Amino acid sequence: MEKIQVKLPEGKIIEVASGQKIQEVASSQGINSNVIAAKLDGAPVDLDRALSRDCSLDWISMNSPEGVDILRHSTAHLMAQAVQSLFPGTQVTIGPTIEDGFYYDFRREKSFAPEEIEKIEARMRELATLDLKVTREDMPREKAIGLFRGLGEEYKVEILREIPEETVSLYRQGDWLDLCRGPHVSSTGVIRAFKLTGVAGAYWRGDEKNEMLQRIYGTSWPTEEALREHLRLLEEAKKRDHRRLGKELGLFMVSDAIGPGLPLWLPKGAIVRSILERYIVDLERSLGYQHVYTPQLARVELYQRSGHWDHFKDNMYPPMLFEDKEELVLRPMNCPHHIMMYQHELHSYRDLPLRIAELGTMYRYERSGVLSGLSRVRAMTLNDAHIFCTPEQIQSEAVGVLRLIEQVYRDFGFTDYWHRLSLRDPKDRAKFVDSDAMWDNAESCLRHALSEVGVVYKEALGEAAYYGPKIDVQLNDVLGHGETVSTVQLDFYLPERFGLEYVDTDGQRKRPVMIHRGVVSTMERMMAFLIEHYAGNFPLWLAPVQVKVMTVTDQQKEYAQKVFEDLTRGGWRAQLDDRNEKLGYKIRQVQGERVPYAVVIGDREVRDQTVSPRRRGGEQLKPMSLKEFNDLLRLEVANKISHQQSAGS
RNA sequence: GCCACCCUAGCUCAGUCGGUAGAGCAGCUGAUUCGUAAUCAGCAGGUCGCCGGUUCGAAUCCGGCGGGUGGCUCCA
């Protein structure tokens, strides 16, 4: 028999008989059972694949990202097999892996009831126990189309029609088969630690004009421990959910009577918000921004002129018509108002860059299904600013904004974020306004700005807005999910639409560039993010209540009152708990309220004229004078220190 | 907007087969005077989201509406 040479991962070269399967090579090399697939000359393949020529092999362990992805994909297949065996007539469509799991979309008249999901999961376990061999089969595409048509799988037929290759691959396990590129695990017994996590409707091909399919979500892991750990993390994340903490800590509320997506900021939430607002306004003023106030209504013509009416109408509240005269709309953006301010007088190049900023309250009609707590609302206040500048100033202005963002993130302790530079797709000329020269200049300005600030970034071709390129800063939340928080967007379009001008050194009137930028996003979204980021444990400078003074018994009421008053006079947000309750009870409560400091006043403190501070989380400081305590607090606020601690109970 | 699920005291939740509602915490009253995550006792608290239907009888079954949750779609 013909021999071939196989290069193993460690560099060793062995000779095997042609036609030998990768699985056999693995066994002969004593490769452990965590290997669920292999790379043949760099391409992922099944262990079942037979070797026919000289090649190099690499193992894919299910503990690697690539391996777990294969495992999840195979689990999706297992689920589809279970579904089709339990519910004949259900058609399969697509079943990809996603972060931490997988889903499969089915076509079925009825949706899946919770009991049915349990049955599916139980059947999956049966099928896994049977340890069915998973085998691959290549087939001419036309033959596969015939096969799936025969099975009544119209969606697979549709998918097959769009595959350019003449040969496609099928995977069989038991009497079930699916069209799939692979690779897959070698048998269903490899799949052990999985759980179905949800059902949802999903449009075929993601288009809401198409019919709705039934999607089942699941997750799958190499070991039971990994699965349990994943589920535990989800539970942890739930405890940090800003909607839950917002209610628990009395930060905000929503009322049916007022309307969905229209949150109310309760006193404690309002304190955090006002600190946040003062912080960003002060910072921006120090950097040359001019803060303004403008109304939340405008004539509909303003938005027709800006182009928002055409592009954004679906997200705007309908116009209010007053006595058949003027039509007013709630503004969905602030830029036109700021543009009016710019146009209010003639500008010289000496005025530029002009940075107009506002905590701009605006209203957007979000579809009911997308509303969520404070992170997706219909009334919001944006940390907005529009920089009017010359094309030459773009880079330095962008650098300024990026540095501002860096500083703010440092102050809030955000470390997990990245920059995305969204560029035009030069091939897609219809989508992007203005000239190539303008775009080239703008894009290179942003690129240079990013490297000047020294941040790493990813470029996203074709992701630019139609009016200009932009930089988005993606902040990852506790679960690692990215969210655009800060953004720097160049705009050539609005200056054109409104005919903005400035008088240049040569006396000529020229067109300025606009930069839309947001740093702390909307107050609503930032609040949601901060709650989750700190798990409700706001650092001292942000905490709605900073210090709770508590007595051990009624004997210390008088001194405690004095301490409380001193702290309040000193500008601290303090509360007094002199109720006739046991200290342990008060401590438990203050910990639940996530107040950063409790100061305990007992007989000893009265005698020595001291306070005994206790940090949230349990750290007890030694008794100290009120002055020492004040200094401690002051230092902590000045440095925006956030004491690390667990999420708490 | 679409699909599924959920809505019971201020909060978290129980409520069997359709027979008119229950706990813990919080609140109030009293006792207790206590040193770093729950002192004890008593009291009070409800249009079971809303509207309609079935039924002798509905928190429970059916329909509609509202709100929420998870997805889909959308997200300048």
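In what follows, the accompanying structure is described.

## Considerations on the packing of helix α2 (residues 65-86) against helix α3 (residues 114-129)
The interhelical angle for the contact between α2 and α3, taken along N-to-C directions, is 110°, at an axis separation of 9 Å. If you check the angle between α2 and α3, you find them roughly perpendicular. When the axes of α2 and α3 are compared, the crossing they make is right-handed. Facing α2, whose interface residues are Thr75, Leu78, Met79, Gln81, Ala82, Val83, Ser85 and Leu86, α3 presents Lys119, Ile120, Arg123, Met124, Leu127 and Ala128. Residues that form the contact of α2 with α3 fall into these classes: 9 nonpolar, 3 polar and 2 charged.

## Regarding the layout of surface pockets
Quantified by volume, the largest pocket comes out at close to 1200 Å³. Of all the elements in the fold, those that place two or more residues in the lining of the largest pocket are α10 (308-312), β21 (379-389), β24 (470-476), β25 (482-491), α14 (493-497), β28 (513-522) and α15 (523-534). For the lining of the largest pocket, the class distribution of residues is 14 nonpolar, 15 polar and 10 charged.

## So, helix α16 (residues 557-569)
With 13 residues, α16 ought to run about 18 Å at 1.5 Å a step, and its terminal C-alpha atoms sit 18 Å apart, in line with that. All buried positions along α16 are accounted for by Tyr559, Ala560, Val563 and Leu567. Seen from one end, α16 has its buried residues packed into an arc of 100°, which puts them on one side. Across from the buried face of α16, at angles greater than 90 degrees, the exposed residues are Glu558 and Arg569. Looking one or two residues beyond α16, the residue adopting positive phi is Gly571, at roughly 95°.

## Re helix α6 (residues 224-240)
Taking 1.5 Å of rise per residue, the 17 residues of α6 would be expected to cover 24 Å, and the 25 Å separating its terminal C-alpha atoms lies within 8% of that figure. Listed in full, the buried residues belonging to α6 are Leu227, His230, Ala237 and Arg240. Projected onto a plane normal to the axis of α6, the buried residues spread over an arc of 135° and lie on a single side. Taken together, the buried residues of α6 touch β12 (193-203), β13 (212-221), α7 (242-248) and α15.

## Thoughts on the sheet that holds strand β11 (residues 176-179)
Pairing within the open sheet is antiparallel, and its 3 strands lie in the order β9-β10-β11. Two strands close off the open sheet at either side, each with one partner strand: β9 (134-140) and β11. Averaged over all pairs of adjacent strands, the angle between strand axes in this sheet comes to 30°, irrespective of strand direction. Across 4 bridges, the pairing between strand β10 (residues 167-173) and β11 is antiparallel.

## With respect to the protein's contact with RNA strand B
Among the 49 residues in the neighbourhood of RNA strand B, the closest are listed as His311, Met333, Ser368, Asn580 and Arg588. Protein-proximal atoms of RNA strand B, defined as those within 4 Å of the protein, fall in sugar or phosphate at a share of 48%. Taking Arg243, its side chain carries an N or O atom lying 2.7 Å from a phosphate oxygen of RNA strand B. Between RNA strand B and the protein, one listed contact pairs a base nitrogen with a side-chain N or O atom of Gln591 at 3.0 Å. Listing elements by their share of the surface near RNA strand B, those giving two or more residues are β12, β13, α7, α10, α17 (583-592), α18 (603-608) and β32 (612-615). For the surface near RNA strand B, the element with the most residues is α17, which contributes 6 residues.

Thresholds, definitions, all that
Residues numbered from 1 in each chain as written. Chains lettered and ligands numbered in written order. Predicted model: local features only at pLDDT ≥ 70, side-chain atom pairs only at ≥ 80, totals over all residues. Heavy atoms only, no water. Axes fitted to C-alpha atoms, helices over the stretch in contact; angles between N-to-C directions. Helix = DSSP H or I, 4+ residues; strand = E, 2+ residues; numbered from the N terminus. Parallel < 35°, antiparallel > 145°, perpendicular 65-115°, else oblique. Left-handed = near helix turned anticlockwise from the far one by under 90°. Contact = heavy atoms within 4.5 Å. Nonpolar A, V, L, I, M, F, W, Y, C, P; charged D, E, K, R; others polar. 1 Å grid on protein atoms, 1.4 Å probe; cavity = no way out; pocket = protein on both sides within 12 Å on 5 of 7 lines; lining within 4 Å. Points joined across faces, edges and corners; volume = space filled by probe spheres on them. Expected span 1.5 Å × (residues − 1). Buried < 20%, exposed > 50% of the residue type's maximum accessible area, 1.4 Å probe, protein only. Arc of directions from axis to C-beta. Pairing = 2+ DSSP bridges. Near = heavy atom within 4 Å. Polar contact = N/O pair within 3.5 Å; in protein donor to acceptor, adjacent residues only side chain to side chain.

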